[in-house]
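Okay, here's what each chain looks like letter by letter:
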Amino acid sequence: MRHQKFKTSALLLELREAFADDHPIFLAEVLRKLENRAFGLLLFALAAPNCVPNIPGISTVFGVLLLAPALQLILGAKQVWLPRQILNIEIQPSTLRAGIDKFVPLLVKMEKMFRPRLEFLTTRPFTILLGIQVLILALILILPLPLANMVPGMSVAILAVGLMQKDGFLILLSMVFFWFSLLLAPMGFGMMYAAVYWLWHYLADIFAQFAG
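Residues numbered from 1 in each chain as written. Predicted model: local features only at pLDDT ≥ 70, side-chain atom pairs only at ≥ 80, totals over all residues. Heavy atoms only, no water.

(A) Looking closely at the layout of surface pockets. Within this model, the largest pocket holds a volume of roughly 700 Å³. Leu 27, Leu 31, Leu 41, Leu 42 and Ala 45 are the residues nearest the centre of the largest pocket, which is lined by 25 residues in total. Mapped onto the lining of the largest pocket, the elements with two or more residues apiece are helix H2 (8-18), helix H3 (27-34), helix H4 (38-47), helix H5 (58-75) and helix H7 (93-113). Top element by residues in the lining of the largest pocket is H4. It accounts for six residues. Split into classes, the residues belonging to the lining of the largest pocket amount to 23 nonpolar, two polar and no charged. (1 Å grid on protein atoms, 1.4 Å probe; cavity = no way out; pocket = protein on both sides within 12 Å on 5 of 7 lines; lining within 4 Å. Points joined across faces, edges and corners; volume = space filled by probe spheres on them. Helix = DSSP H or I, 4+ residues; strand = E, 2+ residues; numbered from the N terminus. Nonpolar A, V, L, I, M, F, W, Y, C, P; charged D, E, K, R; others polar.)

(B) Molecular detail of the side chain of Ser 181. Within the fold, Ser 181 resides in helix H10 (residues 168-211). When neighbours within four sequence positions are excluded, Ser 181 is seen to be in contact with Leu 137, Ile 140, Val 151 and Pro 152. (Contact = heavy atoms within 4.5 Å.)

(C) Spotlight on unusual backbone geometry. Along the chain, Arg 124 connects to Pro 125 via a cis peptide bond; the corresponding omega equals 10°. Among the structural elements, Pro 125 can be located in the loop between H7 and helix H8 (126-142). One non-glycine residue, Leu 118, lies in positive phi territory at about 45°. By the secondary structure assignment, Leu 118 is in the loop between H7 and H8. Leu 118 gets classed as partly exposed once you look at its relative accessible area, which sits at 39%. (Buried < 20%, exposed > 50% of the residue type's maximum accessible area, 1.4 Å probe, protein only.)

(D) Molecular detail of the environment of Pro 69. For Pro 69, the position within the fold is in helix H5. For Pro 69, a relative accessible area of 2% translates into the label buried. Separated by 62 residues in sequence, Pro 69 and Gly 131 have C-alpha atoms that sit 7.8 Å apart. Those residues in contact with Pro 69 that sit more than four places away from it in its chain are Phe 39, Leu 42, Leu 43 and Leu 46.

Encoded structure:
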């Protein structure tokens, strides 16, 4: 029964039932009903696209979006804060229900593997450290570093699942990926510097040929 209390899938199913009619709803209502799970779900949604190879520049967009929840974790916000314009976004209940129907089966599989343990790592004051971790990873994602974006994305995604499932083991695992990200970042900087250096001299040679 104690494990059931922490199941995010059950909360999402309750959310589905709460918006069973077809009256338009606002994002603020959804976040309010998700309570403290909103942070984990938001982090996961923003981190997941970075866990696979994608279009250059995508990680920068998601990195910027991750800054807000990272700062809120550091400051100890009880609920996700977003600009009023975003909170007032209208969502069709049918779209919300369809999204929940697709996501819940995956979440149920994850819940069979992960369970509440070392829960103190998912509460304050440790969430301050987690917020700092996400903030640093977001800054790495913002930079267009070669080969240095997937690991930070995986770190945030694992951390997000850990928060949702109250699983401190996943929090510790996310920290391993975090330190690995810090090791990869200088390599990414080096590759970017080498590419810019080569391009600069290549263009300079072309300009010199035309000028001559």
